[in-house]
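Per-entry structural report
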Amino acid sequence: MRPNPKNRAVFLDRDGTLFPDADYLDDPSKIRLFPGVIPALKKIKAGGWKVIVGTNQSGIGRGYFSHATVRGIHARLLALCRGGGARIDKIYYCPHRPDQGCSCRKPRTGMLKAARRDFRLDLKKCVVVGDKRCDVDWGRAVGAKSVLVLTGHGRKSGAATRRRAHRVAKTLAHAADWILEQ
Ligand SMILES: [Mg+2]
Ligand SMILES: [Zn+2]
């Protein structure tokens, strides 16, 4: 199906962007959204954007936890958002280890392309938000705009990563304000 130019999305990284990056998070009850995430999601949605999460979860491929664990965490994330009146349209995740050479591990574009099909998106009109270089490169790889947030690993990001982003934002809330100006 051809993309509909009116269909645009904000792609959000999960760990370090929506909530703190705990190495290989496996317990849904430990999720605590960063302050301002719910209002930011509402604002993005109200601006006419799809809200999509894309996350690398190599802990599955490494045998640290299962698909069911990750799905449990995502169910909790969706419930927390719903409870605050915000909505995530879909969550994609890559379960593979880096050495498996899959096409979905960020910065490879498999998840973006799956979302393009699912939502008939024009990826060039989309925005990617994340706390790591791989997120910035992920958006760049499809001609989307990339926002680096300084939460999670973002605080430690080097000058090259910051330069490569179209925008550096302190938090997702700041990123949302910039996105709404686009
Ligand atoms: Mg992250
Ligand atoms: Zn993958």
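In what follows, the accompanying structure is described.

Conventions and cut-offs
Residues numbered from 1 in each chain as written. Chains lettered and ligands numbered in written order. Predicted model: local features only at pLDDT ≥ 70, side-chain atom pairs only at ≥ 80, totals over all residues. Helix = DSSP H or I, 4+ residues; strand = E, 2+ residues; numbered from the N terminus. Rg over C-alpha atoms; globule rule 2.2 N^0.38 Å. Buried ≥ 20, exposed ≤ 12 C-beta atoms within 10 Å, placed from the backbone. Contact = placed C-beta atoms within 7 Å. Pairing = 2+ DSSP bridges. Axes fitted to C-alpha atoms, helices over the stretch in contact; angles between N-to-C directions. Expected span 1.5 Å × (residues − 1). Arc of directions from axis to C-beta. Right-handed = clockwise from strand over helix to strand, strands pointing away.

1. What to know about the overall build of the protein chain
A tally of helices and strands in the protein chain yields seven helices and six strands. For 182 residues, the compact-globule estimate of 2.2 N^0.38 gives 16 Å, and the C-alpha radius of gyration of the protein chain, at 15 Å, lies within 12% of that figure. Once the C-alpha set of the protein chain is aligned to its principal axes, its extents read approximately 40 × 40 × 35 Å. Residue burial in the protein chain is summarised as follows: out of 182 residues, 40% are buried. In the protein chain, of all internal contacts separated by at least 6 residues, the share reaching a separation of at least 24 is 62%.

2. Focus on the sheet that holds strand β2 (residues 50-56)
Pairing is parallel in the open sheet, where six strands are placed in the order β3-β2-β1-β4-β5-β6. Either end of the sheet is taken by a strand with one partner, and the two such strands are β3 (90-94) and β6 (167-169). With direction set aside, neighbouring strand axes in the sheet form an average angle of 25°. Looking at chain direction, β2 and β3 are connected through five bridges and run parallel. Note that in β3 the partner of T55 across the bridge is Y93.

3. Here we look at helix α3 (residues 67-83)
The end-to-end C-alpha separation of α3 is 24 Å, in line with the 24 Å expected for 17 residues at 1.5 Å each. Those residues of α3 that fall on the buried side of the exposure criterion are V70, I73, H74, L77 and C81. Along the long axis of α3, the arc covered by the buried residues comes to 95°, so they all point the same way. Summarising the geometry of α3, the exposed residues directed more than 90 degrees from the buried face are A68, A75, A79, R82 and G83. Residues of α3 that are buried sit in contact with α1 (37-46), α2 (58-61) and β3. Positive backbone phi, approximately 85°, marks G85, located one or two places after α3.

4. Observations concerning α1
By the burial criterion, the buried members of α1 are V37, A40, L41 and I44. The buried residues of α1 occupy one face: seen down the axis, they fall within an arc of 100°. The positive-phi residue at the C-terminal boundary of α1 is G48, with phi of around 95°.

5. Observations regarding the pairing of strand β4 (residues 127-130)
Each regular strand shows side chains that alternate between the opposite faces of the sheet. Residues V127 and V129 of β4 are buried on one face, and the alternating residues V128 and G130, pointing to the opposite face, are buried as well. Looking at chain direction, strand β1 (residues 9-12) and β4 are connected through three bridges and run parallel. Directly across from L12, in β4, lies its bridge partner V129. Both β4 and strand β5 (residues 145-149) contribute to a ladder of four bridges, which runs parallel. Directly across from V129, in β5, lies its bridge partner V147. Between the parallel elements β4 and β5, the chain passes through helix α5 (residues 133-141) in a crossover that is right-handed.

6. Section: the pairing of β1
Of the two faces of β1, the one carrying A9 and F11 and the one carrying V10 and L12 are both buried. By the bridge criterion, four bridges tie β1 to β2 in an arrangement that is parallel. Within β2, the position partnered with A9 by the bridge is K50. Remark: the β1/α1/β2 crossover connection has right-handed handedness.

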